[in-house]
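Chain by chain, the residues:
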Amino acid sequence: MTKEWTLRELAAESGVAERTIRFYISKGILDPPLRGGRGAAYGRDHLARLREIRNLQARGLMLADIARLPEPHLAESAPTDTLPAPAAWESYAVADDVIVLVRSESAPWRARRIRSALGEFASRIQKNQQEGDDNERA
Amino acid sequence: MNALEIRTYGFIPISAETGREIKLAMQRLWLTGRILPVGARLLVRHTFRSEEKKPLEVIYAFGLPRDAALRRFRITGEGFSVSSDLKTIDKAAEAYEKGIEDGHLAAMARQYQDGVVNLSVGNIRPGEEVSVLLEVLAGVEAHDDGLRFRFPFTLAPSYHSRARMAEVRPGVGEIELPGDEFGDVILPQFASDASSLHGVGFDLTVAMPVEIKEISSPSHPVRTVSGSAGRSRLSLAAARDVPDRDLVIDVRTADSKGAVLAGTDTQGKGRFAVLVPSASFGEAAEEARRIVFVLDRSGSMNGAPITQARKALEACLAALSAEDRFGIVAFNDTTEAFKGDLVAADMKNREKAAAFLDKIQARSGTELAAALQAAAKIFARESGDIMLLTDGQVFGVDSIIDGARSTGLSVHCLGIGSAGQDHFLTRLARETGGVNRSVTPRERVDTAAVELFASIGRPVASDLEVKVEGFKDGSVAPAPPNRVFAGTPLLLFGETSGQGEGRLRIEWSEQRKNRRLELPLAVGPGGEGETIRLLQGARLITDLEGQVEAVEGQGKRAEKGGIRMLENLSRTYGLASRAMALVAVVEQKGDRPGDLPVTRVVPVGMPQDVGFGAYFGMGIDAMALSGGGLLRETLSRHICYDAAMPEPRESRRRMIGKSFFGEVRGDLDALKKTTELDKGSSRRQGAGERVDLQTELVALAARIQPDGGMPGETEEERVLASVLAVLQFLAEGHSTRSGAFRKHVQRLVAFLEAAKLQNDVVREVVKRARDGNPVPGDWSKKKADPSLWADLEQALQFRGQQP
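Residues numbered from 1 in each chain as written. Chains lettered and ligands numbered in written order. Predicted model: local features only at pLDDT ≥ 70, side-chain atom pairs only at ≥ 80, totals over all residues.

Digging into helix α2 (residues 89–101) of chain B
Then, number 1: With 13 residues, α2(B) extends 18 Å from end C-alpha to end C-alpha; this agrees with the ideal 18 Å at 1.5 Å per step.
Then, number 2: What α2(B) keeps buried is the set Ile89(B), Ala92(B), Ala93(B), Tyr96(B), Glu97(B), Gly99(B), Ile100(B) and Glu101(B).
Then, number 3: Next to the buried residues of α2(B) lie α1 (7–14) and α2 (18–27) of chain A together with β6 (85–88), β7 (105–111), β8 (116–124) and β35 (580–586) of chain B.
Then, number 4: Count one or two residues on from α2(B) and you reach Gly103(B), which has phi positive near 85°. (Helix = DSSP H or I, 4+ residues; strand = E, 2+ residues; numbered from the N terminus. Expected span 1.5 Å × (residues − 1). Buried ≥ 20, exposed ≤ 12 C-beta atoms within 10 Å, placed from the backbone. Contact = placed C-beta atoms within 7 Å.)

A short note on helix α3 (residues 44–58) of chain A
Residue and element names in this part refer to chain A.
Then, number 1: Under the 1.5 Å per step criterion, the end-to-end length of α3 is 21 Å for 15 residues, consistent within 8% with the ideal 21 Å.
Then, number 2: All buried positions along α3 are accounted for by His46, Leu50, Ile53 and Leu56. For α3, the buried positions fall inside an angular range of 130° around the axis, keeping them on one side. Of the exposed residues in α3, those oriented more than 90 degrees away from the buried face are Arg44 and Asn55. (Arc of directions from axis to C-beta.)

Structural notes on the confidence of the model for chain A
All names here are of chain A.
Then, number 1: Across chain A, the average pLDDT comes to 80, with 80% of residues at 70 or higher.
Then, number 2: Looking over chain A, one finds the lowest element-wise mean pLDDT in helix α5 (residues 72–77), namely 47, and the highest in α2, namely 95.
Then, number 3: With pLDDT under 50 throughout, residues 73–80 is counted as low confidence; its partners more than four residues away or in other chains account for two contacts. (pLDDT = per-residue confidence, 0-100.)

Describing the sheet that holds strand β37 (residues 604–605) of chain B
Residue and element names in this part refer to chain B.
Then, number 1: One open sheet accounts for four strands, arranged β12-β13-β14-β37; its pairing is mixed. Two strands close off the open sheet at either side, each with one partner strand: β12 (164–169) and β37.
Then, number 2: As paired elements, β12 and strand β13 (residues 172–176) share five bridges and run antiparallel to each other. Counted as the bridge partner of Arg169 is Val172 from β13. (Pairing = 2+ DSSP bridges.)

Let's talk about the packing of helix α16 (residues 742–754) of chain B against helix α17 (residues 760–771) of chain B
All names here are of chain B.
Then, number 1: Following both chains from N to C, one finds α16 and α17 inclined at 150°, their axes separated by 10 Å at the closest point. Put simply, α16 runs roughly antiparallel to α17. With respect to the hand of their crossing, α16 and α17 are arranged in left-handed fashion. Side by side, α16 and α17 meet where Val745, Val749, Leu752 and Glu753 of the first sit next to Val762, Val765, Val766 and Ala769 of the second.
Then, number 2: Here the residues of the contact of α16 with α17 are counted per class, giving seven nonpolar, no polar and one charged. (Axes fitted to C-alpha atoms, helices over the stretch in contact; angles between N-to-C directions. Parallel < 35°, antiparallel > 145°, perpendicular 65-115°, else oblique. Left-handed = near helix turned anticlockwise from the far one by under 90°. Nonpolar A, V, L, I, M, F, W, Y, C, P; charged D, E, K, R; others polar.)

Brief notes about the environment of Lys213(B)
Residue and element names in this part refer to chain B.
Then, number 1: Within the element layout of this structure, Lys213 appears in strand β16 (residues 212–216).
Then, number 2: Between the alpha carbons of Lys213 and Gly146 there is a distance of 9.2 Å; along the sequence they are 67 residues apart.
Then, number 3: Contact partners of Lys213, with chain neighbours within four places excluded, come to Arg252, Thr253 and Ala254.

Regarding unusual backbone geometry
All names here are of chain B.
Then, number 1: Between Ala477 and Pro478 the backbone carries a cis peptide bond, its omega angle lying at 0°.
Then, number 2: With respect to the secondary-structure elements, Pro478 resides in the loop between β30 (474–476) and β31 (483–484).
Then, number 3: Positioned with a positive phi, Asn123 is a non-glycine residue whose angle comes to about 70°.
Then, number 4: Summarising the element assignment, Asn123 is placed in strand β8.

Considering the sheet that holds strand β15 (residues 199–207) of chain B
Residues and elements named next belong to chain B.
Then, number 1: On the basis of which strands lie adjacent, the open sheet formed by eight strands has the order β5-β4-β9-β2-β1-β15-β18-β17 and mixed pairing. The open sheet has two edge strands, β5 (80–83) and β17 (222–226), and neither has a second partner. With strand direction ignored, the average angle separating the axes of adjacent strands in the sheet is 15°.
Then, number 2: Where strand β2 (residues 39–49) and strand β9 (residues 129–138) come together, 10 bridges link them in antiparallel fashion. Bridging across to β9, Arg45 finds its partner in Leu133.
Then, number 3: Across the sheet, helix α10 (residues 529–545) lies against β2, β4 (69–77) and β9, angled at about 115° from β4, the strand it touches most.

Topic: the domain arrangement of chain B
All names here are of chain B.
Then, number 1: Annotation of chain B at the domain level lists domain 1 (259–282 + 462–543), domain 2 (290–455) and domain 3 (703–801).
Then, number 2: Here the C-alpha centre of domain 3 lies 30 Å away from the C-alpha centre of domain 2.
Then, number 3: Listed as interface residues are 12 residues of domain 2 and, on the opposing side, 12 residues of domain 3.
Then, number 4: Of the residues forming the side of domain 2 that touches domain 3, the biggest block, five residues, is contributed by helix α9 (residues 445–455).
Then, number 5: Taken together, the residues that form the side of domain 2 that touches domain 3 break down as eight nonpolar, two polar and two charged. (Domains from an automatic or database assignment.)

Rendered as structure tokens:
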């Protein structure tokens, strides 16, 4: 028999507050209960999705980002051994023709250093571009 | 208020994207109540209306004012009116959720850390209007000659190293905080344009024990009506306003006699609140100072605040003598120190410091804790003061306060911002033995900084002890502060066994001499007794909350003993805290159990003068990357995923570009509005001249040399220039005793008294500087030429006699 929980039980099982679960449903990142009304129930998919949301948040994603991810049931129907786990990246367009991707889960200190290095890199590219333009004009 | 009434007022929020009317879950927020010299007792009416087809759950997040606590609320609608109960956090959440599950209307007000409150109202029926009238007790920023009251109408987005923030729609930003540290708190969406959000307004009574000289607001247009002596009523001059800044009200009294408020509470116990002006403790003797200025250069300080703060620091340095030593730390998500240790305030170091300040650009995040530690390192093991200029827009303040306290240094704060940092900075200052002042970006940040600097030298009183005498039992709580600084009165709360007459005996030391002050204390029936009890409770709870870390939902981290103390304190005073919440459930006919309400979070406006791009879109990271230069226009940042297609780059860039230009426009607007506001406060001069005069005074102050005199090539030229500077400060209301530039005037006077060149003019100017007797004129424009002595003699003899 499929395991079902009330909202309160789901909250206890997942460690996510009931109000937060309602918030997720309203945001469209968690499916509504299996049945409405007095006997509202939630299933294993709900629990799995809540855990997935928590994991994605821990990796730096916001709820708005999670809402843009593929629907969980689509992900489930795909062959899991070939589909890599989603990962968040930050894209820095440091020039019109250069994009640098940086994993977004870096520790804050590490991210700061990377950004600092990128800043120097971007400055250099800008300078080179400027010099190139000047030479061309000359 | 129904839709028809909204139209009558000419207010119909329209979506810029769809052109359709926006359905606001929260329609209106209206503030009423009384402001007393020792705190405020407030009622906040929140009006919610459901335009949904399903039951609605609304979550409104707001920040508490300083020293504030929630007392109770009443939820009212058609055919019902129910009061809240005070319960432990777990019990309150359980009652709220049970109410929702059973299909009842339920409401809960729960406080999280950093003074953030979530007011949740669930199961509002389609088409139903519900109001929640919330009673709030709040502190005020007390001054010797009045007070400043702040109430947050919006919540400032703030920095935290683990916060996630992004622009989720054009002009709409979201911040999510790590659940392991902040529990299930829900923050609002931040709208760059607040014009389509709920309306806000206020109607307040001010009750002071002495005559009110002036009431004004640097934040809102107000209408005031004077009542009997010491009482005034003020309200919003317009029909409505938008939630994009704090309400700030300044009250100036005709004299600085302080106040003794007393009465009995509902249990018959005597309660009192006493304000003792700092002037009652005498003047502080001068001694060599050790001070480190900590300047916030985060992105949210961009524009007028950082520009004025830089100039203000230069002026503060000029008030230091060569014996004083100083340091400077500038911080955003990294810290940068002017020097590794304290340096003498000589001309060479001041010039280097000015060059250091000139290079400071506002960008990136706010790592305040690291900055305070860097300042402590500069002091090595010496004692001294930190003067912090910040917008205070940070989350996770408990650890910052703990870190600051552990340094043993006093942190004096100037909070710069149009929204909500007062709760934090008040605690930071008090818990480190400092003082706190706040200023909006549309006021003069430079003058406020100089004013704070003048106040925080040597305290006028230390090691205070207070006794209640003449009553069977009497006590003071919380314990009196260790030090009192010029300009900030001593505030005491206490209780007595009942009615009667007695006295307060205040003892302190000054220059190793014991001093004493006695104040009569008469406790009569009723009066403000119950209000004082509640204000005292709010203050005690605020103090205790600082000592209890991570209460919300994190049992393993929570200190159970501390939580129990907080619960007991909440129960004793009937006030909510981080351990106790307010909850109400309304059972009505027709309630349908099990219907899942749709949840909506009430959006708030970005604080006025904070660029949207400082936090969202072209935000912190990209700003840091660009270095504030040309790259801003070519950089973009977005998040994409291995398993999903990234968003089209072009659309993202347009969005970011829009927010960036909004930020730039915001800065220019801020500068423009600062000018306009100052024009409005002009008294004698023409509008533009007043602005220039304030700027000129800051520049004039910054030119004072380490020996206290103005620069010049000869002794006579220096004395003459110093005479002119004193006259200019005097003409603008600054003497050796009063005004933001009093320290500068004191130094100029000391220089003139020590000068070899002495004549009638010098002696007269020194006397006038001490007496606060100005000679009208534009003295700083005059050239320090010896031929001026005769003119000055004439001016002092004749023009000085004018009334």
